[in-house]
Amino acid sequence: MKKLFPSAADALKDIVKDGQLLAVGGFGLCGIPEALIDALRDTGAKALTVISNNAGVDGFGLGKLLETRQIKKMISSYVGENKEFERQYLAGELALEFTPQGTLAEKLRAGGAGIPAFFTKTGVGTIVADGKELREFDGETYVMERSLTPDIALVKADIADRSGNLRFNLTARNFNPAAAMAGKICIVEVERIVATGEIAPDD
C-alpha cells in the first residue's frame, strides 16, 4: 500500500477526472463506500461511467451522483428503487449497459486477473447479447463478454493492513473484492488500519 489519507477528499484529490470509468463496490446499500461517494460528488467530476451492481437509492449512495448529474452511464445489474435513475433513463439523459449480476461480477474478476474477455451462456437470445460475438462450444451457444478494468475502484472494507490487504465484514464483501482487483487505481474506505501481519491469512 503506497498511501494513507486522512480523509476521502484527500484520497481522491488530483486522481478523479471528468469522463473516467469507475467501479464502486457494494450491493444495494450494503458495503458501499459512503464517504468516498460523497467525496466523489464534491469533486464535481462529470460525464462519469460507473460500474456498480446498482445505483443506490434516491438521496443515498450513488443516487447522490445521479442527483448532481455527474454520471452519464451506468453499467449495472439492478436499477430498481431509484426514481431519479428511472426518470433520467426514460428521458434519455442516462445511458445504461444492463449486465446480468454474475456476468458483472465475472467481468470485474476477469479484468483484475488480466483476462480480456470470456464466454458465457447468460444472456444468449436476449438483448444482453445484441451486438456481441456468439460462439458455439460443444453444441451450445455462448456470448463473448469483455472484461472491465476501471480507471478507479472505490471500495469499502472493514480492516486494512499497511501492506494493503483487506478484510471485509460478512456480506459487505459482495462486489468489493472484485472491484478492488479490477481497478487500475484502488481507493479503499476502511474502519480500521492495522499493522501488516495482524490480518489472518484465511481472512
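Scroll up a little and you will see the structure.
Computed from a predicted model, the values in this text were never measured in an experiment.

On to the overall build of the protein. Along its length, the protein carries 6 helices and 10 strands. What you see for the protein is a C-alpha radius of gyration of 17 Å, in line with the 17 Å of a compact globule of 203 residues. For the protein, the spread of C-alpha atoms along the three principal axes comes to 50 × 40 × 30 Å. Counting every position in the protein, which comprises 203 residues, the buried fraction comes to 41%. Restricting the contact set of the protein to residue pairs at least 6 apart, pairs at least 24 apart contribute 66%.

On the secondary structure map, serine 76 appears in strand E3 (residues 71-76). On the basis of relative accessibility, which here comes to 0%, the residue serine 76 falls in the buried class. Within polar-contact distance, the side chain of serine 76 engages the backbone oxygen of serine 52 at 2.9 Å. Leave out the neighbours within four places in its chain, and serine 76 touches Ser52, Asn53, Asn54, Leu96, Glu97, Phe98, Thr99 and Leu104.

Taken in spatial order, the 3 strands make up an open sheet running E5-E7-E6, and their pairing is antiparallel. Sheet topology places strand E5 (117-120) and strand E6 (134-137) at the edges, where each strand pairs with a single neighbour. Put simply, the sheet's adjacent strands are angled 40 degrees from each other on average, direction ignored. By the bridge criterion, 4 bridges tie E6 to strand E7 (residues 140-146) in an arrangement that is antiparallel.

This paragraph deals with helix H4 (residues 83-90). An α-helix turns once per 3.6 residues; consequently, residues spaced three or four apart project the same way. Those residues of H4 lying buried are Glu84, Phe85 and Gln88. In a view along the axis of H4, the buried residues occupy a sector of 105 degrees, so they form one face of it. Pointing more than 90 degrees away from the buried face of H4 are the exposed residues Lys83 and Leu90. The inward-facing, buried residues of H4 contact helix H3 (63-67), E3 and strand E4 (95-98). Taking the backbone nitrogen of glutamate 84 as reference, a side-chain oxygen 3.2 Å away marks asparagine 82 as the first, capping residue of H4. Phi for glycine 92, located one or two positions after H4, is positive at around 75 degrees.

Reading guide: rules and limits
- Residues numbered from 1 in each chain as written.
- Predicted model: local features only at pLDDT ≥ 70, side-chain atom pairs only at ≥ 80, totals over all residues.
- Heavy atoms only, no water.
- Helix = DSSP H or I, 4+ residues; strand = E, 2+ residues; numbered from the N terminus.
- Rg over C-alpha atoms; globule rule 2.2 N^0.38 Å.
- Buried < 20%, exposed > 50% of the residue type's maximum accessible area, 1.4 Å probe, protein only.
- Contact = heavy atoms within 4.5 Å.
- Polar contact = N/O pair within 3.5 Å; in protein donor to acceptor, adjacent residues only side chain to side chain.
- Pairing = 2+ DSSP bridges.
- Axes fitted to C-alpha atoms, helices over the stretch in contact; angles between N-to-C directions.
- Arc of directions from axis to C-beta.

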